[in-house]
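Observations on chain architecture
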Amino acid sequence: MKRIAIIGGGISGLSAAYEIEKKRQSGTPVEYILFESSPRLGGVLVTDRVDGCLIEAGPDSFLTEKPWAADLCRKIGLGDQLIGSNDADRKTYIVAKNKLVVMPDGLMFMVPTKIMPTVFSPLFSLRTKIRMAAEWFHPPHKASEDETVAEMVKRHYGSEMVDLLADPLLSGVYGGEASQLSVRAVLPRFADMESKHGSLGRAMLAARKKMGTAAHVPARPLFTSLKEGMQQMVDALVARLDANALKTSSPVLSVIPQDNGWTVCAKYKTDHFDAVIIATPTHAAAALLETADEKLSRDLSEIQYSSSVTVTLGYDEKVRGSLPPGFGFLVPRSAGRRMLAATFVHNKFPHRAPENRAIVRCFLGGARDEQILQSSENEILQIVRDELRQIVGNALDAEPLFARVYKWKSAMAQYSVGHLERLQRIESLRQKLAGLALAGNGYSGIGVPDCVRSGAEAAGKILADMGMWSAA
Ligand SMILES: Cc1cc2nc3c(=O)[nH]c(=O)nc-3n(C[C@H](O)[C@H](O)[C@H](O)COP(=O)(O)OP(=O)(O)OC[C@H]3O[C@@H](n4cnc5c(N)ncnc54)[C@H](O)[C@@H]3O)c2cc1C
C-alpha cells in the first residue's frame, strides 16, 4: 500500500485528495492523509448565511472560460447546482472624479474593441482616446525580457489606462499592482497578441471573429458559481473523501525526505509516507521544505503574497431601489480611497438576496494596503461606510441591517516580473526530490479553476511516479 500525505485543505489540496480517492475506490493500493492546520476544510472558500442572504467570505464565483472547477463540480454531482452570473445586468463602473462612470461597452479586459462607446465615454481624456486610435497601428513587438503589466499597457495606451483600468482590474483578481505584476505570468495572451499582431485591439477583434465563426453557441455567462455558494463545492468534495483521512487542526511543521519517502511532522505526531503533495500558499511550503532543500525553500519564499479584506453589508429594499444597476465598481488608486472595489451582489447573482434586500460586498487591502489587517472590524466598517457614502451617494447613508468582515492574511499570490523563470527553477529543484509535488495558487493561476487543476495535476504526477496513473 502506497501512502501519500496532502498538506493543505483548501480547494487545491481537496482536488488532489479527490483524484487519489478515486484511485483508492477503484482498488488501486493507495491511501492518503490530508493535513489541514485550521479546524475547517476549504481554505478561503467560505459561505455564510445571514438574514436570508448568501454571503461569500472569499471567492464568490469563477471564470466560466476556465473549465476545471465546473468540470469538477459536475463530477461530484453538482452539475445541476451550477449557475451563471446575471450578465443581462452586467455593467461595471469606475470611480473617476468622485463619481461612478460606467466602463464603455466593448472593453475586453482593458482593451477597447468598439470605437463609438470609447469615443463618447467621459472616462478617458482626449489624449488617451487619441492613444487608443493610434494603438490600432501598433507594430508587432516581441519583448526580449519579461516586463510589468503597467509597462506594456503604458506602451499601448498611456498611463491613464494603467490607473483607470489595468491597476483596478488586477487588484480585483490578484490584490496586486500593474506596476509589479508580470505580463508573461498574468496576461500571457497579451504578450502573445502583441508579438503576433502588434495592436491589442486588432488582436482581440481577430480572436473574437474566429470564435464567432468557429462556434455557433450562445454566449456563456462570464462567471459561474453554485446555487448554495462556493462552500457547496467544498462540502460535496469532503463528502466524497475518506473521513478517516481528513485531519483538521493538524498543522504540519516540516517534511523531510527520509528512507525512500517523506517524514511528515504534524502537531504531536510524526508519520512516514511514500510521497507528499504540498498544497499550501508558497510561503508555508517554503517553511516546510527548509530542511529538505534550502534553495527550493528560498525560491518559494520569494513569491510574494498580499492580504485582503472583504466586507459585506446588507440593506433593505429602499436602499436596493436607489442603488445603481450593474455588478459594481472598481476604485483606481488616483481616487485616493482605501476600498479597491465593490460588488452589488443582488444584481450579479440575484437569487443570493431576497427581493427586499440589497447586498454590497467591498474589497480592501491588496499589495498597497497591508496595514488594513491591523484595523479592528469597527474601524474597517467605518472606512467602508464613509467611502460608500462618498462614492455611491446618500443611498448608502442608511444603517446596514447586517455587516460581516473577513480578513485573509497573505492569501493572494503576486506573480511579479520573473515569475515564470522562478517557476522553472522551482520545478527543476522539485524534480530532484522524488515523491514531492506542489499545488496551489502560487504557481500557474490564482483563480479557483486553476487551483483545482493544479491539485489534480499534482496528484496525477505522484500517482504516475508510482506507476498508478492512467487517464480514466
Ligand atoms: C478574498 C478572496 C476573493 C477571491 N475571489 C476569487 C474569485 O471570485 N474567483 C476565483 O476564481 N478566485 C478567487 N480568489 C482566489 C482563490 O479563491 C484562491 O486562490 C484559491 O481558493 C486558493 O486555494 P488553495 O487551496 O490553493 O489555498 P487556500 O485556500 O489558501 O488553502 C490552503 C490551506 O492550507 C492550509 N495550510 C497552510 N499551511 C499549512 C500547514 N503547515 N499545515 C497544514 N495546513 C496548512 C491553510 O490553513 C489553508 O486552509 C479569491 C481569493 C480571496 C482571498
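Here goes a summary of the coordinates provided. Remember, predicted model here, so these are calculated numbers, not experimental data.

**Considering the overall build of the protein chain**
Of regular secondary structure, the protein chain possesses 17 helices and 22 strands. Here the protein chain has a C-alpha radius of gyration of 23 Å; the compact-globule value for 472 residues is 23 Å, and the two agree. Over its C-alpha atoms, taken along the principal directions, the protein chain stretches across nearly 70 × 55 × 45 Å. Going through the 472 residues of the protein chain one by one, you find that 55% of them count as buried. In the protein chain, of all internal contacts separated by at least 6 residues, the share reaching a separation of at least 24 is 74%. In the form shown here, the protein chain has an accessible surface area of approximately 21,000 Å², with 53% of it arising from carbon and sulfur atoms. The positive charge centre, built from 57 side chains, and the negative charge centre, built from 52, are 4 Å apart in the protein chain.

**Structural notes on helix α8 (residues 188-197)**
Of all the positions in α8, only Phe-190, Met-193 and Glu-194 are classed as buried. Down the axis, α8 shows its buried residues gathered within 100° of arc, on one side only.

**A look at the pattern of salt bridges**
Under the defined criterion, the tally for this structure stands at 25 salt bridges. Note that Asp-386 is salt-bridged to Arg-389, the shortest N-O span being 3.3 Å. On the criterion of helical spacing, the pair formed by Asp-386 and Arg-389 is a turn pair, its members being three residues apart in helix α15 (residues 377-392). The class of Arg-389 is partly exposed, set by a relative accessible area of 27%. Asp-397 serves as the salt-bridge partner of Arg-389, at 2.7 Å between the closest nitrogen and oxygen. Among the ionic contacts, a cluster of salt bridges with common partners joins Lys-66, Asp-450, Arg-453 and Glu-457.

Rules used throughout
- Residues numbered from 1 in each chain as written.
- Predicted model: local features only at pLDDT ≥ 70, side-chain atom pairs only at ≥ 80, totals over all residues.
- Heavy atoms only, no water.
- Helix = DSSP H or I, 4+ residues; strand = E, 2+ residues; numbered from the N terminus.
- Rg over C-alpha atoms; globule rule 2.2 N^0.38 Å.
- Buried < 20%, exposed > 50% of the residue type's maximum accessible area, 1.4 Å probe, protein only.
- Contact = heavy atoms within 4.5 Å.
- Areas by Shrake-Rupley, 256 points an atom, 1.4 Å probe, with all protein chains shown as cover.
- Lys, Arg positive; Asp, Glu negative; His and termini not counted.
- Charge placed at Lys NZ, Arg CZ, Asp CG, Glu CD.
- Arc of directions from axis to C-beta.
- Salt bridge = Lys/Arg side-chain N within 4 Å of Asp/Glu carboxyl O.

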